[in-house]
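Each chain, letter by letter, is given below.
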Amino acid sequence: MARDDVSNAEVSGADPRGEPSAILRPDLAAPLLDLTRHHPRESLAPFVDYLWIVRWTISDVHRQQVLPQPKIHLAAEAGRLRVQGVSREPFYRTFTTSGQVIGVAFRAGGFRPLLGSSVGALEGKVVPAGELWPHDDAPVAARALAEEEREAMVKGVEDYLELIAPEPDPMVDEVDAIVSRIETDTSIHRVDQVAALAGTSARTLQRLFIDYVGVAPKWVIQRRRLLDASERAHSGPVVWAELADQLGFSDQAHLIRAWTAAVGTPPATYVRETGNWVPRG
């Protein structure tokens, strides 16, 4: 997707960079959660993909799950700015009564210039921003979460990021382009295919991804295939054996193992819980 030249322009829920298919049980989430996405200001565009704001007013507890993205997030919630490394585990967020959260989704590889070292060290971790940079994050988070206007929330978080003054890294564009290719080219099923496209060896590609993305390219490829499976599961009956073949899994059992590890339940259970149809195959 081409970047919008208008700073902080609001992005619709159909923005492919936000990957709506990563939201599990979307029919339950849609009436409860108000999600908007916003383009970063020009100075942060080399590092930031988009900013997101979620608002909710509910009468009961809602536990929302998403498939983790191959990118670092920073989120203001519970009075702090927290950096969330890429996680291989199922990811949940619990919403109660009313509130709001603002976050930053960095480009694939885009967080490394801010960290100044390999982002692989952040895998599976949540770290207060104040532990990474010499700027107090608590007042920034408190002001952002108290704001009523989305534009003011975005501005406060962007101002904080500009204090870090990261230097552009040309490798970010290269890494982001590789990840984007994986996410859009459904014919990619193996690491050696990506390495060939990148003009490098599989071993070099592995090191590059751990350093800049935080996870191995194999995980990114499998996640893309699971997003495709999720999209199919949300759109109609699924013959899992056929889908496994289409997505490049060795067999149906391989797809089921990968889905269960990422989602926490087997695909047949997931489909039954949506209450829409009975899976076939």
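What counts, and where the lines are drawn
- Residues numbered from 1 in each chain as written.
- Predicted model: local features only at pLDDT ≥ 70, side-chain atom pairs only at ≥ 80, totals over all residues.
- Heavy atoms only, no water.
- Core = buried A, V, L, I, M, F, W, Y, C linked by side-chain atoms within 4.5 Å.
- Buried < 20%, exposed > 50% of the residue type's maximum accessible area, 1.4 Å probe, protein only.
- Helix = DSSP H or I, 4+ residues; strand = E, 2+ residues; numbered from the N terminus.
- Contact = heavy atoms within 4.5 Å.
- Salt bridge = Lys/Arg side-chain N within 4 Å of Asp/Glu carboxyl O.
- pLDDT = per-residue confidence, 0-100.

If you look at the biggest cluster of nonpolar residues, it comprises 48 residues, and the most contacted ones within it are Leu-74, Phe-106, Phe-111, Trp-133 and Leu-161. Here this core takes six residues from helix 4 (residues 150-164), the largest share from any one element. Discounting residues that sit within four places of it in the chain, Leu-74 has contacts with Leu-81, Arg-82, Val-83, Ile-102, Gly-103, Val-104, Phe-106, Ala-129, Trp-133, Val-157 and Leu-161. Residues Leu-227, Leu-243, Phe-249 and Val-271 belong to the second largest nonpolar core, which totals 20 residues.

Counted by the stated rule, this structure contains 15 salt bridges. Within this structure, Arg-41, Lys-155, Glu-158, Asp-159 and Glu-162 form a network of salt bridges that share partners.

Attention now goes to the confidence of the model for the protein. For the protein, per-residue confidence averages 86 on the pLDDT scale, and 90% of positions sit at 70 or higher. Model confidence for the protein, summarised as mean pLDDT per element, is weakest for strand 1 (residues 10-11) at 36 and strongest for helix 2 (residues 112-115) at 98. Throughout residues 1-18 the model reports pLDDT below 50, and contacts reaching past four residues in sequence, or to other chains, amount to 47 contacts. Here residues 276-281 scores under 50 on pLDDT; set against residues more than four positions off or in separate chains, the count is 19 contacts.

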